[in-house]
Protein chains: 2
Amino acid sequence: MANLQDVAREAGVSVATVSRVMNDAKNVRSETRTKVQAAVQALRFQPNRVARRLRTRNGLGQLIGLVVPDIQNPFFVEVIRGVEEAAYGSGNALILSSYQYDEEKEKLYLNLMRSESVDGLIIIPHGKKDRAVKQLIRSGVPTVCVDRYVENVDVDSVVVDNQRGAHEATEHLLKLGNKRIGYISGPTEMLTSVERLAGYQSALWESCVECEDNLIRVGDYKYESGNRLAGELLDLPEPPSALFVANSLMTLGALEAIHRRRLTIPTDVALIGFDDMAWAISLNPPLTAVSQPGFEIGRRAAELLFQRFSDPTRQTVRVVLETRLIVRKSCGS
Amino acid sequence: MANLQDVAREAGVSVATVSRVMNDAKNVRSETRTKVQAAVQALRFQPNRVARRLRTRNGLGQLIGLVVPDIQNPFFVEVIRGVEEAAYGSGNALILSSYQYDEEKEKLYLNLMRSESVDGLIIIPHGKKDRAVKQLIRSGVPTVCVDRYVENVDVDSVVVDNQRGAHEATEHLLKLGNKRIGYISGPTEMLTSVERLAGYQSALWESCVECEDNLIRVGDYKYESGNRLAGELLDLPEPPSALFVANSLMTLGALEAIHRRRLTIPTDVALIGFDDMAWAISLNPPLTAVSQPGFEIGRRAAELLFQRFSDPTRQTVRVVLETRLIVRKSCGS
DNA sequence: ATGAAAGCGCTAACAG
DNA sequence: CTGTTAGCGCTTTCAT
């Protein structure tokens, strides 16, 4: 592969000049520029990003890192796409790692990012007291947190109004005449879980409906727990008339539990899920769900990061996006 | 961030020595090694991967690139996970790009990979005559192609026996008494589509069932086409008793078309899909599907790449993995 | 077994 | 406007 020197020789100029046209600095005679561009074409020169990154301190338009908990979760995939599009659009390259909910792996990947000299980092942290993330942020790498906060750290973030989303969903169920609504929560150490649960409870309270502890089950955001806990709820002597499930994977589990019991949605049990997925519309009946703007979240996160590049001292901000209740047929009509 | 020099100073040795212990070369007195390790700990030194990559020619244990067409397709995500796990296990870092079926973007990302000096590349190419991929391979970067071939190029690849998978599925439908099976194919310029169609046809042929052209529709592997084409098939004066759909997204589309017409699966129409997805089991009834070993495909691809690192001259190989028919309830029993 | 020193390809002063 | 040159942090001969 050709390098700067080769191009310089070919064009009959110095490497500095070539570098200048590659980074389109203004102080180059247009004649020289043309000459250089020709040489670049001829040799199919492509600057070596590694060398460039090694040399430059805060080189713009380079590399950003994205670290997510789970690449199999379609919501995160939406976020990834949002970030990717923004990065692509601004000429940044993206390096992506998924730590599959493994904190050890998260730490490793965070270190990797640092040692790859990323200009900035977008992270969906594991927990709210994520040590590795905190340390990284404090070390000064421009960072934005997504979907979850990290406690006691001043950092840009973009999240969703989980409480309001859950509130709205619960309210919807209530309005349709459901008095006893089973809730399947995510793990309580995660902020999103807490917020969603709060939304569920506040909606009940607002409608003066008693919140039965027995109707709330705590899962781990994975399929199996959704399946098992929905089963428990459904097998109660006095089962709830509706189920609200706090994420898509657990909703899938709940669906299986419902079908296995030969229950009909929504007549036997209404169902509403947090996270709207591609398959929701193809279910029978189509699933009513709380949709999170994953793509937009990713886009905004990237934007925030770019802003910080250009103004490292600006106040950190927290962007809160709204969810949207997509009413389909799984709660009756 | 501390660098080699800092560590060297701290440990009272030269940078060369530090470098040696970091790459655990054998020719270091164990005493010196300990001293250095202590310094590394003390300064929390982490080698700068960028500098390392710039310096080393074919540095092992470094960076591999993965380029996929679509990060929203769960099958590709499985492949990604397979690659990731293998990379992680062998201490390689992974840089991932999805070109969203955009050839221009694919080219750009391929260039990016090269300019990041990846040691090797795993690619799910866009088309069988993918220029950019061919050029890259010819340029000598160790590469393995996944899921699809590229014509006229000698390259390691790992694929699936699409024809056999489709054959088996069709056969299953046939055995259950279906004589007229609608088939929704992917775009004919893609090899996987051609192979799957061939499997469908050979199964019919083997059972002496006439292959009606009218029962075969060509989609584009996306939701909308599955939806529309399933509709066309279902609305035929003499509709098929079963539908076989060539990928998961189109299956979702078909599902919606079936439900909208208030048809029951499998009594009114049996359904089988290529690609087994997380949601398949939660459908009502659970979906019978042809499962591709995505994770294994990714793992094998990575393995092939590592092999090539250690033996750049070995013959290229083509690994063909088998699909598995997962019989659930969507075809009757 | 260890150290000195020469780059990898690029950018960014600094000179001119 | 253009060229010269000194590194970025690391690996890797070549000496010792």
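Reference entry: report on the structure contained in this document. (Residues numbered from 1 in each chain as written. Chains lettered and ligands numbered in written order. Predicted model: local features only at pLDDT ≥ 70, side-chain atom pairs only at ≥ 80, totals over all residues.)

### A word on the sheet that holds strand 8 (residues 242-245) of chain B
All names here are of chain B.
And then number 1: As summarised here, the arrangement of the six strands in space is 7-6-8-9-10-12, forming an open sheet in which the pairing is mixed. The open sheet is flanked by strand 7 (216-218) and strand 12 (324-326), the only strands paired with a single partner. Direction aside, neighbouring strands of the sheet carry axes that sit 15° apart on average.
And then number 2: Helix 8 (residues 162-175) rests against strand 6 (181-185), strand 8, strand 9 (270-274), strand 10 (288-291) and strand 12 of the sheet, and its axis sits at about 170° to strand 9.
And then number 3: Along the sheet, helix 9 (residues 191-206) makes contact with strand 6, strand 8 and strand 9, crossing strand 6 at roughly 170°. (Pairing = 2+ DSSP bridges. Helix = DSSP H or I, 4+ residues; strand = E, 2+ residues; numbered from the N terminus. Axes fitted to C-alpha atoms, helices over the stretch in contact; angles between N-to-C directions. Contact = placed C-beta atoms within 7 Å.)

### Regarding the interface of chain A and chain B
Often, the extent of an interface is quoted as the loss of accessible area on bringing the components together.
And then number 1: With 32 residues of chain A at the interface, the matching set in chain B holds 33 residues.
And then number 2: Mapped by element, the contributors of at least two residues to the side of chain A that touches chain B are helix 4 (49-55), helix 5 (74-89), strand 2 (93-98), helix 6 (103-115) and helix 11 (248-260) of chain A.

### Brief notes about the relation of the copies chain A and chain B
And then number 1: Note on the identical chains: chain A maps onto chain B by a rotation of 180° and an axial translation of 0.0 Å, with an RMSD of 0.1 Å. Interpreted geometrically, this transformation is the action of a two-fold axis.
And then number 2: The share of interface residues of chain A whose copies in chain B are also at the interface is 100%, consistent with both copies meeting through the same surface. (Least-squares fit on C-alpha atoms with pLDDT ≥ 70 in both.)

### Let's talk about the protein's contact with DNA strand D
And then number 1: Around DNA strand D sit 25 residues in total, of which Ala16(A), Thr32(A), Asn3(B), Leu4(B) and Ala51(B) are the nearest.
And then number 2: Contributing elements (two or more residues each) for the surface near DNA strand D: helix 2 (15-22) and helix 4 of chain A together with helix 2 (15-22) and helix 4 (49-55) of chain B.
And then number 3: Here the surface near DNA strand D is built from residues that sort into 12 nonpolar, nine polar and four charged. (Near = placed C-beta within 6 Å. Nonpolar A, V, L, I, M, F, W, Y, C, P; charged D, E, K, R; others polar.)

### Regarding the pairing of strand 10 (residues 288-291) of chain A
And then number 1: Bridging between strand 9 (residues 270-274) of chain A and strand 10 of chain A involves three bridges; their strand directions are parallel. Note on strand 10 of chain A: the bridge partner recorded for Ile272(A) is Thr288(A).

### Things to note about the nonpolar core
And then number 1: Core analysis: the largest hydrophobic core is formed by 92 residues, its most contacted members being Ile122(A) and Ile122(B).
And then number 2: Sequence-distant contacts of Ile122(B), that is, excluding residues within four places in its chain, are made with Ile64(B), Leu66(B), Val83(B), Val144(B), Val146(B), Ala301(B), Ala302(B) and Leu305(B).
And then number 3: Formed by 86 residues, the second largest nonpolar core is a distinct cluster that contains Tyr221(A), Leu173(B), Ala203(B) and Ile258(B). (Core = buried A, V, L, I, M, F, W, Y, C linked by C-beta atoms within 7 Å. Buried ≥ 20, exposed ≤ 12 C-beta atoms within 10 Å, placed from the backbone.)

### Thoughts on the protein's contact with DNA strand C
And then number 1: Inspection of the region around DNA strand C gives 26 residues, with Asn3(A), Leu4(A), Ala51(A), Ala16(B) and Asn27(B) positioned closest.
And then number 2: For the surface near DNA strand C, the secondary structure elements donating two or more residues are helix 2 and helix 4 of chain A together with helix 2 and helix 4 of chain B.
And then number 3: Here the residues of the surface near DNA strand C sort into 12 nonpolar, 10 polar and four charged.

### Points about the sheet that holds strand 5 (residues 156-160) of chain B
Residues and elements named next belong to chain B.
And then number 1: A sheet is described by the order of its strands in space; here six strands give the open sequence 2-1-3-4-5-11, paired in parallel fashion. Edge positions in the open sheet fall to strand 2 (93-98) and strand 11 (318-321), since each of these has one partner strand only. Averaged over all neighbouring strand pairs, the angle between strand axes comes to 15°, with direction disregarded.
And then number 2: Where strand 4 (residues 143-146) and strand 5 come together, three bridges link them in parallel fashion. Looking across to strand 5, one finds that Val 144 is bridged to Asp 156.

### A look at unusual backbone geometry
All names here are of chain A.
And then number 1: A cis amide bond links Asn 284 to the next residue, Pro 285, at an omega of 0°.
And then number 2: Notably, Tyr 221 is not glycine yet its phi reads approximately 70°, a positive angle.
And then number 3: Here Tyr 221 lies in the loop between strand 7 (216-218) and helix 10 (223-234).
And then number 4: Given 23 C-beta atoms within 10 Å, Tyr 221 falls into the buried group.

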